[in-house]
Amino acid sequence: MIVRISGEDQYVLADSESERLNELEQAVIATVDGGREEDFAPAYSALLDHVRSNGTRVADDDLSGSDVILPPADLSFTEAGTEFTGEGLIPD
């Protein structure tokens, strides 16, 4: 699976990482749905850090398409309300 973090890079993650990514995304969705703005930044950072730490960065000249596109790291809580809803961004 290829995950792009908007404004940064793309990362190749093993398919076995999809369950953990979904768990981290669900934590972000829960903070947004629950109106817990104070919990949003740590939850979203954990998701992005997992991608960066467990993925292999795709070379700049590789034009592979992304399977998932995550919003930029500076996403605000208000903006997250339009991105992280319902089923989320990461496919099951």
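Figured I'd write up the structure that's included with this text. Predicted model only: the values in this text are computed from it and were never measured.

## Comments concerning the pairing of strand β1 (residues 2-5)
- Two elements, β1 and strand β2 (residues 10-12), share three bridges in a ladder whose sense is antiparallel. Bridge pairing links Ile-2 to Val-12 in β2.
- Taken together, β1 and the strand that follows it, β2, pair antiparallel across an intervening segment of four residues, in which Gly-7 is found at a positive phi of about 80°.
- Bridge count for β1 against strand β4 (residues 68-70) is three bridges, and the pairing is parallel. Bridge assignment links Val-3 to a residue of β4, and that residue is Val-68.

## Examining the sheet that holds β2
- Strand order across the open sheet formed by four strands is β3-β2-β1-β4, with mixed pairing between neighbours. A strand with exactly one partner marks an edge of an open sheet, and here the two such strands are β3 (56-57) and β4.

Rules used in this analysis
Residues numbered from 1 in each chain as written. Predicted model: local features only at pLDDT ≥ 70, side-chain atom pairs only at ≥ 80, totals over all residues. Heavy atoms only, no water. Pairing = 2+ DSSP bridges. Helix = DSSP H or I, 4+ residues; strand = E, 2+ residues; numbered from the N terminus.

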